[in-house]
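# Notes for the structure review
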Amino acid sequence: MAEAEKGLATTGSKEGNGTEEISLKDKGNEFFKAGNYLKAAALYTQAIKLDPSNPTLYSNRAAAFLQLVKLNKALADAETTIKLNPQWEKGYFRKGCVLEGMERYDDALATFQIALQHNPQSTEVSRKIKRISQLARDKKRAQEVQSMKSNVDMAKHLETLKSEMSEKLGSEECFEDMFSFLVETMETAVKSWHEASKVDPRVYFFLDKEKTQTDKYAPVVNIDKAFESPHTHSNCFSFLRQYADDSFSKAACLVVPKNIISYPQVWKGQGSRKWKHGQHDGFFVQYESHFMRKIWFIASTNEKGQTLCRDPDVLDIGAHEVLPRLFKEKP
């Protein structure tokens, strides 16, 4: 934090008051340097009563209030400092520091730039401008990240797929319901990842409302053991294929975190042309139906201390399938 003003204040008050005011100010500075900001502010207040038109005293008290995190009071004193001496760089510097404390970085930057106009040689102000510029960029990016986390919209990333489904299925196959099923499954997975940095390995089934025995077949199957070995993988696949058939499911959607996959490691040995995500954490989403098979990888990054899912990246399912085909292909 900035130090209190060291220069002596002058006063136009009655004879004898000037000396008392100077003494109060100097004592306030001593308490400020010692870290006793509350006492310093009290002494500056006493000095202001003796000399209410002295900008240095308001500047000093603003610095003390800032240290005490009394930001509104600090801002008021900084504004008074500027009003009493509009040409003095220190008033703008004080105001900029307070606005920084309020995280009003754009306003702080503008204020520090005014300070620099009044004192172009000030390295202190120049350093502040550099720092605030970075803080403003960081805050803007953090807000963008939070907005991306809060406004998950997978449908916009799957518009091409929706058109493809429409062409293949037509209205009689209720492609819109199937598309919504995929979108909702993906959005639920993304939100889970944002909240806990994980998703549960599961297969979600789009059941036939008219044919499925819902008391016997649930819409979600856990597959947390499926990727431990070729044996568990094969057994899981066989079970899921039979489950899809017996439950009269129209489609299925697999959600699997990359970090649990020991077998098959679908990104290994594919080369950088096919695998573009390096060592990024994330999860796979594989869509299965009689008419269509698709797979995406949703990479995860950490930005400004927040976990963020990137846009889904469609992969070659022939090279990266997490499980083999679950539904018999229809022409």
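Since we're looking at a predicted model, the values are computed, not measured.

It is worth spelling out the overall build of the protein chain at this point. Helix and strand content of the protein chain: 12 helices and 7 strands. On C-alpha atoms alone, the protein chain measures out to a radius of gyration of 33 Å, which is more than a quarter above the 20 Å that the 2.2 N^0.38 rule sets for 331 residues. Every one of the 331 residues in the protein chain was classed for burial, and the buried ones make up 46%. Counted over contacts in the protein chain with a minimum sequence separation of 6, partners at least 24 positions apart contribute 62%. Working note: accessible area of the protein chain is about 17,700 Å², and carbon and sulfur atoms make up 47% of it. Taking the 48 positively charged and 45 negatively charged side chains of the protein chain as two groups, their mean positions are separated by 5 Å.

We now examine the UniProt feature "repeat: TPR" (unreviewed entry) in the protein chain. As recorded in UniProt, the feature "repeat: TPR" (unreviewed entry) lies at residues 21-54 and 89-122. Taken end to end, residues 89-122 comprises 79% helix and 0% strand; its first and last C-alpha atoms sit 9 Å apart.

With that out of the way, let us pick up helix α9 (residues 175-196). The terminal C-alpha atoms of α9 lie 32 Å apart, and with 22 residues this matches the ideal 32 Å at 1.5 Å per residue to within 8%. At the exit of α9 stands S197, carrying a positive phi of roughly 60 degrees.

Turning our attention to the packing of helix α2 (residues 37-50) against helix α3 (residues 55-67). Relative to each other, α2 and α3 sit at 155 degrees, their axes nearing to 9 Å. Compared by their axis directions, α2 and α3 come out roughly antiparallel. Both α2 and α3 take part in a crossing whose hand is left-handed. Contact residues: α2 offers Y37, A41, Y44, T45, A47 and I48, while α3 offers L57, Y58, N60, R61, A64, F65 and Q67.

Moving on: the environment of D107. Its location among the elements puts D107 in helix α6 (residues 105-118). C-alpha of D107 to C-alpha of Y92: the two residues are 15 residues apart in sequence and 11 Å apart in space.

On to the packing of aromatic side chains. Aromatic ring pairs are described here by two measures, namely the spacing of the ring centres and the angle between the planes. The full count for this structure, using the stated rule, is 12 aromatic pairs. When the ring of Y217 is compared with that of Y243, the centres are 5.2 Å apart and the planes differ by 80 degrees; the resulting orientation is edge-to-face. Of this pair, Y217 sits in the loop between β1 (202-206) and β2 (220-222) while Y243 is found in helix α10 (residues 230-246), placing the two residues 26 residues apart along the sequence. Each member of the pair Y217 and Y243 is classed as buried. Between F284 and F297 the ring centres are 5.0 Å apart and the planes differ by 55 degrees, which places this aromatic pair in the tilted class. With F284 in strand β4 (residues 281-289) and F297 in strand β5 (residues 293-303), the pair connects residues that are 13 residues apart, well separated along the chain. Per residue, the accessibility class of F284 equals that of F297, and both read buried. The structure contains a cluster of three or more aromatic residues connected by ring pairs, namely F205, Y217, F239 and Y243. Here K39 stacks its cationic end above the ring of F31, 6.0 Å away from the centre of that ring.

Conventions used here
- Residues numbered from 1 in each chain as written.
- Predicted model: local features only at pLDDT ≥ 70, side-chain atom pairs only at ≥ 80, totals over all residues.
- Heavy atoms only, no water.
- Helix = DSSP H or I, 4+ residues; strand = E, 2+ residues; numbered from the N terminus.
- Rg over C-alpha atoms; globule rule 2.2 N^0.38 Å.
- Buried < 20%, exposed > 50% of the residue type's maximum accessible area, 1.4 Å probe, protein only.
- Contact = heavy atoms within 4.5 Å.
- Areas by Shrake-Rupley, 256 points an atom, 1.4 Å probe, with all protein chains shown as cover.
- Lys, Arg positive; Asp, Glu negative; His and termini not counted.
- Charge placed at Lys NZ, Arg CZ, Asp CG, Glu CD.
- UniProt positions renumbered as here; feature names shortened; annotations may be inferred.
- Expected span 1.5 Å × (residues − 1).
- Axes fitted to C-alpha atoms, helices over the stretch in contact; angles between N-to-C directions.
- Parallel < 35°, antiparallel > 145°, perpendicular 65-115°, else oblique.
- Left-handed = near helix turned anticlockwise from the far one by under 90°.
- Phe/Tyr/Trp six-rings, centres within 6.5 Å; stacked < 30°, edge-to-face > 60°.
- Lys NZ or Arg CZ within 6 Å of the ring centre and 35° of its normal.

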